[in-house]
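# An overview of the molecular structure
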Amino acid sequence: MSFINLKDKVVQVKIVYYGPGRGGKTTNLEYINRTYRKQILSEMVSLKTHGDRTLFFDFLPFDMGQIKGYHIKIQLYTVPGQVKYNATRKLVLRGVDGIVFVADAMEKQREKNIRSLNQLHENLQSYNESIFKIPLVMQYNKVDLKEHGIPILPIEVLQKDLNSRLQVPYFEASALTGYNVAATLKKIISSTVVSIQKKLL
């Protein structure tokens, strides 16, 4: 559940970018950090946990107004790169309000995507959260590699593998070029804010 500061009337919303190693989670955050400098309240912080790194920064959302008189502050988190310990991934999900699952669209990463999504499901269960109830957006990253002759999974395959049961919003994207990075972010923010509004009723 989001952290609510009653004194300053701020709802702090935690959004985690999750997915297989080197799938583009950090590249998403770096693109957002560069592109929306004016809306970013803090530097990108890198924390060492269990020998792995966790990245996060505070972000002021696009014209979201207020929820029940409370201002909204978003915190964007990810665990970058090849993560040695699942404990790090688990830790970053504590208190999560919304998730972007960044799948790697390269053919050779198909199994890694499925394993990572199953692990997300298990890690959420350890906090009594359900992958079927939490706000979630799928991002199929690296679709631009097709132009460079790299075999990419068709969207139908990605949807069948990762989204046939969940039925959540999805975007084809390129975190490197920025294609659909903002669209993914806006969608997860709006879904998460709607979910929090219901809890604050």
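Residues numbered from 1 in each chain as written. Predicted model: local features only at pLDDT ≥ 70, side-chain atom pairs only at ≥ 80, totals over all residues. Heavy atoms only, no water.

The name an unreviewed UniProt entry gives the protein chain is Gliding motility protein, with Desulfoprunum benzoelyticum as the organism.

### Some words on the environment of glutamine 109
Under the convention used in this document: Think of it this way: any DSSP run of H or I at least four residues long counts as a helix, any run of E at least two long counts as a strand, and we number them from the N terminus. We call a residue buried when its accessible area falls under 20% of the maximum for its residue type, exposed when it is over 50%, and partly exposed in between, using a 1.4 Å probe and counting protein chains only.
Looking at the secondary structure, you find glutamine 109 in the loop between strand 7 (98–104) and helix 3 (110–125). For glutamine 109, a relative accessible area of 11% translates into the label buried. Distance in space between the C-alpha atoms of glutamine 109 and arginine 22 is 10.0 Å, their sequence separation being 87 residues.

### Focus: the packing of helix 3 against helix 4 (residues 155–162)
To keep things clear, this is the line we draw: Lines are fitted to the C-alpha atoms to define the axes, a helix being fitted only along its stretch in contact, and any angle between axes, read from their N-to-C directions, falls within 0 to 180 degrees. Orientation is classified from the angle alone, with under 35 degrees giving roughly parallel, over 145 giving roughly antiparallel, 65 to 115 giving roughly perpendicular, and any other angle giving oblique. Helix crossings get a hand from a simple test, with the near helix turned counterclockwise from the far one by less than a right angle marking a left-handed crossing and a clockwise turn marking a right-handed one. Here, two residues are considered to be in contact whenever any of their heavy atoms come within 4.5 Å of each other. Under the scheme applied here, ten amino acids are nonpolar (Ala, Val, Leu, Ile, Met, Phe, Trp, Tyr, Cys and Pro), four are charged (Asp, Glu, Lys and Arg), and all others, including Gly, are polar.
Two elements in contact, helix 3 and helix 4, have axes separated by 10 Å at closest approach and are oriented at 30 degrees. Accordingly, the angle class assigned to the pair helix 3 and helix 4 is roughly parallel. Crossing geometry of helix 3 relative to helix 4 is assigned as right-handed. Of the residues in helix 4, those in contact with Arg110, Asn113, Ile114 and Leu117 of helix 3 are Val157, Leu158, Asp161 and Leu162. Partitioning the contact of helix 3 with helix 4 into residue classes produces 5 nonpolar, 1 polar and 2 charged.

### With respect to the pairing of strand 8 (residues 136–141)
Looking along a regular strand, one sees the side chains alternate between the two faces of the sheet. To keep things clear, this is the line we draw: Strands were regarded as paired on the criterion that DSSP finds at least two bridges between them. Assignment of crossover handedness uses the view with strands pointing away from the viewer, where a clockwise path from the first strand over the helix to the second indicates a right-handed crossover.
For strand 8, the tally of buried residues reaches 6 of 6 residues, placing the bulk of the element in the interior. Alternating positions in strand 8 separate into two faces, Leu136, Met138 and Tyr140 on one and Val137, Gln139 and Asn141 on the other, with burial throughout. By the bridge criterion, 6 bridges tie strand 7 to strand 8 in an arrangement that is parallel. By the bridge assignment for strand 8, valine 102 is matched with glutamine 139. Traced from strand 7 through helix 3 to strand 8, the parallel crossover comes out right-handed. Taken together, the 3 bridges between strand 8 and strand 9 (residues 170–172) define a ladder with parallel strand orientation. Its bridge partner lying in strand 9, methionine 138 is registered against tyrosine 170. Since strand 8 and strand 9 lie parallel, the crossover through helix 4 that links them has a hand, and here it is right-handed.

### Things to note about the environment of lysine 38
Structurally, lysine 38 is set in the loop between helix 1 (25–35) and strand 3 (45–49). Judged by its relative accessible area of 85%, lysine 38 falls in the exposed class. Linking lysine 38 and leucine 76, residues 38 residues apart in sequence, is a C-alpha distance of 15 Å.

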